[in-house]
Amino acid sequence: QSALTQPPSASGSPGQSVTISCTGTSSDVGGYKYVSWYQQHPGKAPKLMIYDVSQRPLGVPDRFSGSKSANTASLTVSGLQAEDEADYYCSSYAGNNNWVFGGGTKLTVL
Amino acid sequence: EVQLVQSGAEVKKPGESLRISCKGSGYTFTSYWTSWVRQMPGKGLEWMGRIDPSDSYINYSPSFQGHVTISVDKSITTAFLQWSSLKASDTAMYYCARQDSSGTGIDYWGQGTLVTVSS
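Residues numbered from 1 in each chain as written. Chains lettered and ligands numbered in written order. Predicted model: local features only at pLDDT ≥ 70, side-chain atom pairs only at ≥ 80, totals over all residues. Heavy atoms only, no water.

A. Geometry of the interface of chain A and chain B. In this assembly, 20 residues from chain A lie in contact with 23 residues from chain B. Roughly 1,700 Å² is buried in total at the junction of chain A and chain B, and carbon and sulfur atoms are behind 55% of that figure. Of all residues in chain A, N97, W99 and F101 of chain A bury the most surface against chain B, accounting for 37% of the area lost on that side. Counting the contacts that link chain A with chain B gives zero salt bridges. (Contact = heavy atoms within 4.5 Å. Buried area = accessible area lost by both parts, 1.4 Å probe. Salt bridge = Lys/Arg side-chain N within 4 Å of Asp/Glu carboxyl O.)

This is the structure in structure tokens:
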């Protein structure tokens, strides 16, 4: 299966909102409710931010939200803060007990 | 507290074999799958495969099938990732992770094991 498509970079000023897209196909993103988003700071392990398209794990600020339309999922970070600067990866169930990640988006807080 | 603790960094030569480990604690080990994810230097995440510790059933990503072997010893709540003949292109950070069997995906990650293959 192919990796999901994410923009290589995104940016915003503190306090602003930014949305990162994750485009797949009807065989992955569009076919299931199992889209997750992960935040990875340099040199660190990824951290789950959103699961099942729009659910937030305990402890994740409500500034982070997720949605999906057809074959594209989105992560929105509202009220950008300096500590949100990181790489973000989407992931989706792809059928036949396989999962696929996106290529990653580097979020810069200006 | 859920923890996945991985074995330390490895430096190997091409052609050598290697097994790295991932010990889960703080949860019922057999109730969640253990997955492995590769991150090559400066690159993104790649899902390699997963094992169900309750019955050792394994799924590999087509990209990794035949190149690595995933196994588990549930008596010591530890999963393993192994290579029989390393290549320079296997140089990467490898993460183990806990994955819910419902399809939701990965929720907790290990700290990563850096594998360097160089002659």
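Here the narrative resumes, following the displayed structure.
B. Quick peek at the pattern of salt bridges. Residues and elements named next belong to chain A. A complete count under the given rule lists three salt bridges over all chains for this structure. Among the salt bridges present, the one from D84 reaches R63, with a minimum N-O distance of 2.6 Å. A residue pair is termed long-range when its members are at least 10 positions apart, and D84 in the loop between β6 (72–77) and β7 (86–93) and R63 in the loop between β4 (47–50) and β5 (64–69) qualify at 21 residues. Residue classification places D84 among the buried positions, given a relative accessible area of 2%. A relative accessible area of 15% means that R63 is categorised as buried. (Helix = DSSP H or I, 4+ residues; strand = E, 2+ residues; numbered from the N terminus. Buried < 20%, exposed > 50% of the residue type's maximum accessible area, 1.4 Å probe, protein only.)

C. Main features of the side chain of Q40 of chain A. With respect to the helices and strands, the residue Q40 of chain A is situated in strand β3 (residues 35–40). One polar contact links the side chain of Q40 of chain A to the main-chain carbonyl oxygen of K44 of chain A, over a distance of 2.9 Å. A polar atom in the side chain of Q40 of chain A sits 3.3 Å from the side chain of Y95 of chain B. Aside from chain neighbours lying at most four places away, what touches Q40 of chain A is A45, P46, A86, D87 and Y89 of chain A together with Q39, L45 and Y95 of chain B. (Polar contact = N/O pair within 3.5 Å; in protein donor to acceptor, adjacent residues only side chain to side chain.)

D. Summary view of the environment of L4 of chain A. Residue and element names in this part refer to chain A. Note on placement: L4 falls in the segment before β1 (9–12). In sequence terms L4 and F101 are 97 residues apart; their C-alpha atoms lie 5.9 Å from each other. Setting aside anything within four residues of it in sequence, one finds L4 in contact with C22, T23, G24, D28, V29, C90, S91, S92, V100, F101, G102 and G103.

E. Structural view of the sheet that holds strand β8 (residues 78–83) of chain B. Residues and elements named next belong to chain B. The four strands are arranged β1-β3-β8-β7 in an open sheet whose pairing can be described as antiparallel. Either end of the sheet is taken by a strand with one partner, and the two such strands are β1 (3–6) and β7 (69–73). This sheet shows a mean twist of 20° between the axes of neighbouring strands, independent of strand direction. By the bridge criterion, six bridges tie strand β3 (residues 18–25) to β8 in an arrangement that is antiparallel. (Pairing = 2+ DSSP bridges. Axes fitted to C-alpha atoms, helices over the stretch in contact; angles between N-to-C directions.)

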